[in-house]
Amino acid sequence: MAAMTPTPAPTAPDTGDSAPDSGVAPAGITAQARAPRRRPRPRVWRGAVLLLAGAYFLAPLLASFVFTVHVPGQGISFEAYTQLLAADGFTESMLLSLGLAAATIATSLLLAVPALVAVRLGSPRLRPVVEVMCMLPLVVPPIALVTGITTVLRWGPEHLSRTPLYQTFLAVQNEQFPVVLVLAYTVLALPFVYRSLDAGLRAIDVPTLVEAARSCGASWPYVVLRVLLPNLRASLAGAAFLTLALVLGEFTIASLLGFRPFAVWIVTISGAHARMSVAVSILSLLITWLLLLVLSRAGTNPATVSSAPSTSPTSRKES
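Residues numbered from 1 in each chain as written. Predicted model: local features only at pLDDT ≥ 70, side-chain atom pairs only at ≥ 80, totals over all residues. Heavy atoms only, no water.

## Looking at the confidence of the model for the protein
Link 1 in the chain: Per-residue confidence for the protein gives a mean pLDDT of 78; residues scoring 70 or more make up 79%.
Link 2 in the chain: Confidence, expressed as mean pLDDT per element, reaches its minimum in the protein at helix α15 (residues 313–318) with 41 and its maximum at helix α8 (residues 179–203) with 92.
Link 3 in the chain: Low pLDDT, under 50, characterises residues 303–319; the stretch is placed with 13 contacts to residues that sit more than four places away or in other chains. (pLDDT = per-residue confidence, 0-100. Helix = DSSP H or I, 4+ residues; strand = E, 2+ residues; numbered from the N terminus. Contact = heavy atoms within 4.5 Å.)

## Some points on the packing of aromatic side chains
Link 1 in the chain: By the definition in use, this model includes 4 aromatic pairs.
Link 2 in the chain: Measuring from ring centre to ring centre gives 5.3 Å for Tyr-56 and Phe-57, while their planes differ by 85 degrees; the resulting arrangement is edge-to-face. The pair formed by Tyr-56 and Phe-57 is uniform in burial state, with each residue classed as exposed.
Link 3 in the chain: Centroid distance Phe-90 to Phe-262: 6.1 Å. Interplanar angle 65 degrees. Geometry classified as edge-to-face. In this pair, Phe-90 sits in helix α4 (residues 90–121) while Phe-262 sits in helix α13 (residues 262–269), placing the two residues 172 residues apart along the sequence. Each member of the pair, Phe-90 together with Phe-262, is buried.
Link 4 in the chain: Here the basic side chain of Arg-275 rests over the ring of Phe-67, its NZ or CZ set 5.2 Å away from the ring centre. (Phe/Tyr/Trp six-rings, centres within 6.5 Å; stacked < 30°, edge-to-face > 60°. Buried < 20%, exposed > 50% of the residue type's maximum accessible area, 1.4 Å probe, protein only. Lys NZ or Arg CZ within 6 Å of the ring centre and 35° of its normal.)

## Comments concerning the pattern of salt bridges
Link 1 in the chain: The full count for this structure, using the stated rule, is 4 salt bridges.
Link 2 in the chain: Put simply, Arg-127 and Glu-131 hold a salt bridge, and the shortest N to O gap is 3.8 Å. Residue Arg-127 and its partner Glu-131 are both found in helix α5 (residues 127–139); the two are separated by 4 residues, about one turn of the helix.
Link 3 in the chain: For Arg-127, a relative accessible area of 22% gives the class partly exposed.
Link 4 in the chain: Ionic pairing is found between Arg-202 and Asp-198, a salt bridge with its closest N-O pair at 3.0 Å. Residue Arg-202 and its partner Asp-198 are located together in helix α8, separated by 4 residues, close to a single helical turn. (Salt bridge = Lys/Arg side-chain N within 4 Å of Asp/Glu carboxyl O.)

## Observations concerning α5
Link 1 in the chain: Between the first and last C-alpha of α5 there are 19 Å, a value that for 13 residues agrees with the 18 Å anticipated at 1.5 Å per step.
Link 2 in the chain: Remark: the principal bend of α5, roughly 25 degrees, maps to Met-133, with a proline, Pro-137, within the next four residues. (Expected span 1.5 Å × (residues − 1). Bend = angle between axes of the 7 residues up to and from the residue.)

## Overview of the environment of Leu-85
Link 1 in the chain: With respect to the helices, strands and loops of the structure, Leu-85 is situated in the loop between α3 (79–82) and α4.
Link 2 in the chain: By relative accessible area, Leu-85 is classed as exposed at 67%.
Link 3 in the chain: When near neighbours in sequence (up to four residues on either side) are disregarded, Leu-85 contacts Phe-90 and Thr-91.

## Description of the packing of helix α9 (residues 206–215) against helix α10 (residues 220–231)
Link 1 in the chain: With their axes 10 Å apart at the nearest point, α9 and α10 run at an angle of 140 degrees to one another. When the interaxial angle is binned, α9 and α10 end up oblique. For α9 against α10, the interelement crossing comes out right-handed. Note on element contacts: α10 touches α9 through Trp-220, Val-223, Val-227, Leu-228 and Asn-231, opposite Val-206, Leu-209, Val-210, Ala-213 and Arg-214. (Axes fitted to C-alpha atoms, helices over the stretch in contact; angles between N-to-C directions. Parallel < 35°, antiparallel > 145°, perpendicular 65-115°, else oblique. Left-handed = near helix turned anticlockwise from the far one by under 90°.)

## A look at the nonpolar core
Link 1 in the chain: Counting residues in hydrophobic clusters, the biggest one holds 26 residues, and the most contacted among them are Leu-100, Leu-153, Leu-181, Tyr-185, Ile-253 and Leu-257.
Link 2 in the chain: Within the residue set of this core, elements represented by two or more residues are α4, α6 (142–159), α8, α11 (233–249) and α12 (252–257).
Link 3 in the chain: Sort the elements by how many residues they give to this core and α8 lands first, with 6 residues.
Link 4 in the chain: The residues contacting Leu-257, other than those within four sequence positions of it, are Val-146, Ile-149, Thr-150, Leu-153, Val-180 and Leu-181.
Link 5 in the chain: Counting 25 residues, the second largest nonpolar core, distinct from the first, contains Val-130, Val-206, Leu-209 and Ala-218. (Core = buried A, V, L, I, M, F, W, Y, C linked by side-chain atoms within 4.5 Å.)

Following this line, the structure appears as structure tokens:
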């Protein structure tokens, strides 16, 4: 008999399942399928956060409004709002505060814009020094600032009575329009103006814009007014709004110096007309919000000059 030799069993083709560590993905499985799926965040939490934030801001305003219109024993009455325009000192104090705000905005921007542009172009190493100087009003309390101002205003007329500066000391303390408040508010507004303008200057390529404008023959006033300022429109609007809010709500300096802008007038009438003072506070808040919308609208308009110059077909043909 012939020797019986065993026949080897047929081997199954290698499909790749036996080598899981080979690093090759099986057919039909994409990278998107292998990636773990993230669970979608529920929108309920977003709505809850917005609802709590809205209640936090609107509940005090609603309570204040109810206090102004609800009179115990009489019901609903809008007398606190109808008597505002006829109240003694309301129009004068409001116009005074708006005038001080406009003068403070103009003074702050005239000081900050040229200084920051000059530092950005000519002396970048001086930027930390300018930043520290502009941030100092955040460290000095207003009560210390007004104490120094009062000392200077008392010292001036006593020692400069025979010089032309005597009339200057009297003019800056005019009750119709106290220039000393404009100077004090300009110092207080410098940190906010600096931060807003510095963020705007960081967002644009100032050296390239200035060099391109100067190479075309533009003068420095034209460069600042027609090239840089349109690109800083949003930053200028933000700085103006922050300064406006600061001036309308400032009380310490104006009260200690003896002047009566809008914030001081509200505190003055709060003892005799509590509902009217709260109504005026709500009205001033609404006016501030309205001015914010106007300034934000002005800041979101497209700039007239862009940092990326476009090449016209005519110039390409000529080149």
